[in-house]
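An overview of the molecular structure
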Amino acid sequence: MKIAVCIKQVPTRDWQPKLTDDRTWIREQDATYEMNEPDAYALEEALRLKEKLGGEVVACSAGPSRVAQVLREALARGADRAILVKADTAVEPLAVARVLLALAQRETPRLVILGKQAIDDDCNQTGQMLAALVGWPQATFASKVEVADGKATVRREVDGGLETLAITLPAVVTTDLRLNEPRYVTLPNIMKAKKKPLEILKPADLGVDVTPRLKTLKVSEPPKRGAGVKVPDVATLVAKLKNEAKVI
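Residues numbered from 1 in each chain as written. Predicted model: local features only at pLDDT ≥ 70, side-chain atom pairs only at ≥ 80, totals over all residues. Heavy atoms only, no water.

Regarding the overall build of the protein
Broken down by element type, the protein carries six helices and eleven strands. Along the three orthogonal principal directions, the C-alpha set of the protein runs to about 70 × 45 × 40 Å. A sequence separation of at least 24 residues applies to 71% of the contacts in the protein between residues at least 6 apart. Working note: accessible area of the protein is about 14,300 Å², and carbon and sulfur atoms make up 52% of it. Distance between charge centroids for the protein: 1 Å, based on 38 positive and 33 negative side chains. (Helix = DSSP H or I, 4+ residues; strand = E, 2+ residues; numbered from the N terminus. Contact = heavy atoms within 4.5 Å. Areas by Shrake-Rupley, 256 points an atom, 1.4 Å probe, with all protein chains shown as cover. Lys, Arg positive; Asp, Glu negative; His and termini not counted. Charge placed at Lys NZ, Arg CZ, Asp CG, Glu CD.)

This is the structure in structure tokens:
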């Protein structure tokens, strides 16, 4: 069974972003990058399904040349090959979904797995958009995935507890963080990954226009937290919470 895994490269969580001089974006040249955490869980689930059912895992991504770094990491973790759709401009969720649609039509996977959202923009849109564009069933926020007899049984977390869905393949699944525990990358696998194929395409090769549809006018830093206030006793604290903070 062929499984496509969609991976995004995001700034590392401990990086402190700084704004550009015109305050329209962050200074990306100063950033350090890593694999989007929910996508690491998606990759791990694809690898486990491959180990159980056989087949091939194809890691896919869209973005600038530096994105090849996380695709090489995906190959080191166990993916069989990778595809980078190189785009020099910011690729918005709808454009990513259209790129993945073209790749799905080209590669014909039985299952497409994505992380539920990216930790940099938190959009939580690409998986749902892809399923709508390609016309496949979808199951989001998966905490357990089982595949058998041409169907996927997906347990997902909802506000009221757990929900179990049965969807017919091919399908799109987005993963929650409680799905599994991603494996570590070993040095021998890093060396093997250098020999695995990483194909680089342009959006035009797939007939996709990734021109941004949105324009960021201004980016501002969050307000700095004010200093705390010490109070002499509980009565004063309660009075401040009631009269100033208006929380009681």
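Side note on a nonpolar patch on the surface
Residues Val-234, Leu-237, Val-238, Leu-241, Val-247 and Ile-248 make up a contiguous nonpolar surface patch of roughly 530 Å² in combined accessible area. Counting through the fold element by element, Ile-248 comes out in the segment after helix H6 (234-243). (Patch = residues over 30% accessible without salt bridge, like charges linked within 9 Å, V, L, I, M, F, W, Y side chains within 5 Å. Salt bridge = Lys/Arg side-chain N within 4 Å of Asp/Glu carboxyl O.)

Section: empty space enclosed by the protein
If you walk through the whole model with that rule in mind, you get one cavity of 30 Å³ or more. Looking at the largest cavity, its volume works out to about 80 Å³. Lining the largest cavity are Lys-2, Ala-4, Cys-6, Val-58, Cys-60, Leu-100, Leu-103, Ala-104, Glu-107, Pro-109, Val-112 and Leu-130. Within the residue set of the lining of the largest cavity, elements represented by two or more residues are strand E1 (2-6), strand E4 (56-63) and helix H3 (93-107). Here the element with the most residues in the lining of the largest cavity is H3; it accounts for four residues. (1 Å grid on protein atoms, 1.4 Å probe; cavity = no way out; pocket = protein on both sides within 12 Å on 5 of 7 lines; lining within 4 Å. Points joined across faces, edges and corners; volume = space filled by probe spheres on them.)

Focus on helix H4 (residues 126-134)
Within the span of H4, buried status applies to Thr-126, Gly-127, Leu-130, Ala-131 and Val-134. Buried residues in H4, looked at end-on, bunch into an arc of 135°, giving them a common side. Turning to H4, the residues buried within the fold contact H3, strand E6 (111-115), strand E7 (138-148) and strand E10 (171-175). (Buried < 20%, exposed > 50% of the residue type's maximum accessible area, 1.4 Å probe, protein only. Arc of directions from axis to C-beta.)

Quick word on the environment of Asp-80
Along the chain, Asp-80 falls in the loop between helix H2 (68-77) and strand E5 (81-86). Each C-alpha atom of the pair Asp-80 and Thr-186 lies 16 Å from the other, and the pair is 106 residues apart in sequence. Apart from residues no more than four positions distant in its own chain, Asp-80 is found in contact with Lys-50, Gly-55, Glu-56, Val-57, Leu-75, Lys-196 and Pro-197. A distance of 2.8 Å separates polar atoms of two side chains, one belonging to Asp-80 and the other to Lys-50. Here the side chain of Asp-80 touches Val-57 through a polar contact of 2.8 Å, landing on its backbone nitrogen. (Polar contact = N/O pair within 3.5 Å; in protein donor to acceptor, adjacent residues only side chain to side chain.)

A few points about the pattern of salt bridges
One pass over the structure, following the stated rule, counts 21 salt bridges. Linking Glu-157 and Arg-178 is a salt bridge whose minimum nitrogen-to-oxygen distance equals 2.9 Å. Highlighted residues: Glu-157 in strand E8 (residues 151-158) and Arg-178 in the loop between E10 and helix H5 (187-193), separated in sequence by 21 residues. Relative accessible area serves as the criterion here: at 27%, Glu-157 is assigned to the partly exposed category. Across the salt bridge formed by Lys-240 and Glu-244, the nearest N and O atoms sit 3.2 Å from each other. Beyond isolated ion pairs, a larger network of salt bridges with shared partners links Lys-2, Glu-56, Arg-81, Arg-106, Glu-107 and Glu-199.

Re the pairing of E4
With six of its eight residues buried, E4 lies for the most part within the structure. As judged from the five bridges shared by E1 and E4, these two strands associate in the parallel manner. Bridging from a neighbouring strand, Lys-2 pairs with Glu-56 of E4. Pairing of E4 with E5 involves six bridges; the strand directions are parallel. Note that in E5 the partner of Gly-63 across the bridge is Lys-86. Read as a crossover between parallel neighbours, the route from E4 over H2 to E5 is right-handed. (Pairing = 2+ DSSP bridges. Right-handed = clockwise from strand over helix to strand, strands pointing away.)

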